[in-house]
Amino acid sequence: MEHTVTFRLKHPTGSPAETDFLSALEELAEIPGVKNFRIRRQVSPKNSHTFGLSIHFDSDEDFRAYSNHPLHDAFVQEHWITEVEDFQESDFEVMQ
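A brief structural summary.

## Structural notes on the packing of helix H1 (residues 16-26) against helix H3 (residues 70-83)
- For the pair H1 and H3, interaxial distance at closest approach is 11 Å and the crossing angle is 140°. In terms of axis orientation, H1 runs oblique to H3. In the crossing of H1 with H3, the sense of the turn from one axis to the other is left-handed. Along the contact surface, H1 presents Ala-17, Phe-21, Ala-24 and Leu-25, while H3 presents Phe-75, His-79, Trp-80 and Glu-83.
- When the residues that make up the contact of H1 with H3 are grouped by side-chain class, the tally is six nonpolar, one polar and one charged.

Encoded structure:
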């Protein structure tokens, strides 16, 4: 399974607040079951979201454990809700 999120922050590009948010986001890579954790900066002018996040999981159970993990919950409450202006989330299963 691949969990992907594209988003735009309320913070100016290159600001200390943006850096702090991204540093806090990186801590989610420590949650058990997380694989291939990647944060990407959007470079296309066709998309209003400025960042992308992708995480792979071996199973739905690992994804659920991540979603319910205290570190994830704390990040959502302390950063995501107050610092993200817009986002889109998608979850993909491998077809082959």
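And the narrative resumes.
## Observations regarding H3
- Spanning 14 residues, H3 covers 19 Å between terminal C-alpha atoms, matching the ideal 20 Å at 1.5 Å per step.
- Residue Val-76 marks the point of greatest curvature in H3, where the axis turns by about 40°.
- Within H3 the residues assigned to the buried category are His-72, Phe-75, His-79, Trp-80 and Glu-83.
- Elements that come into contact with the buried residues of H3 comprise strand E1 (2-9), H1, helix H2 (60-67) and strand E4 (84-92).

## What about the packing of aromatic side chains?
- For the structure on display, the rule yields nine aromatic pairs.
- With 5.2 Å between their ring centres and 50° between their planes, Phe-57 and Tyr-66 make a pair best called tilted.
- Residue classification places Tyr-66 among the buried positions, given a relative accessible area of 2%.
- Grouping aromatic residues by their ring pairs yields a cluster made of Phe-7, Phe-21, Phe-51, Phe-75, Trp-80 and Phe-87.

## Let's talk about unusual backbone geometry
- One non-glycine residue, Asn-36, lies in the positive phi region at around 50°.
- Along the chain, the position of Asn-36 falls in strand E2 (residues 35-41).

## A few points about the pattern of salt bridges
- Scanning the model with the defined rule gives three salt bridges in all.
- For Arg-8, the salt bridge goes to Glu-85, with nearest N and O atoms at 2.7 Å. Highlighted residues: Arg-8 in strand E1 and Glu-85 in strand E4, separated in sequence by 77 residues.
- When its relative accessible area of 21% is taken as the criterion, Arg-8 is described as partly exposed.
- With its nearest N and O atoms 3.0 Å apart, the salt bridge here joins Asp-58 to Lys-35. Of this pair, Asp-58 sits in the loop between strand E3 (51-56) and H2 while Lys-35 sits in strand E2; the two residues are 23 residues apart in sequence, bridging distant segments of the chain.
- Since its relative accessible area comes to 38%, Lys-35 is described here as partly exposed.

Conventions and cut-offs
Going along each chain's sequence as written, the residues are numbered from 1 onward. pLDDT decides what is reported in this predicted model: residues at 70 or higher carry local features, side-chain atom pairs at 80 or more are listed and counted, and totals for whole chains, interfaces and linings draw on all residues regardless. To obtain the side-chain values, all non-hydrogen atoms of the structure were used and water was disregarded. Axis definition: a line fitted to C-alpha atoms, over the contacting stretch in the case of helices. Angles run 0 to 180 degrees between N-to-C directions. Numbered from the N terminus, helices here are DSSP runs of H or I no shorter than four residues, and strands are runs of E no shorter than two. When describing relative orientation, an angle under 35 degrees is termed roughly parallel and one over 145 degrees roughly antiparallel, while 65 to 115 degrees is termed roughly perpendicular and anything else oblique. Note on convention: near helix rotated counterclockwise from far helix by under a right angle means a left-handed crossing. Clockwise means right-handed. Only heavy atoms matter for contacts: two residues are in contact if any of them lie within 4.5 Å across the pair. Under the scheme applied here, ten amino acids are nonpolar (Ala, Val, Leu, Ile, Met, Phe, Trp, Tyr, Cys and Pro), four are charged (Asp, Glu, Lys and Arg), and all others, including Gly, are polar. To estimate the expected span of a helix, count its residues, drop one, and scale the result by 1.5 Å. Values of bend correspond, residue by residue, to the angle between axes fitted over the seven residues ending at that residue and the seven starting there. For every residue, the accessible area obtained with a 1.4 Å probe (protein chains only) is divided by the maximum for its type, and the residue is called buried under 20%, exposed over 50%, and partly exposed between those limits. Only Phe, Tyr and Trp rings take part, Trp by its six-membered ring, and two of them pair if their centres are within 6.5 Å. Stacked means planes under 30 degrees apart, edge-to-face means over 60, and tilted covers everything else. A pair is scored as a salt bridge if a Lys or Arg side-chain nitrogen falls within 4 Å of a carboxyl oxygen belonging to Asp or Glu.

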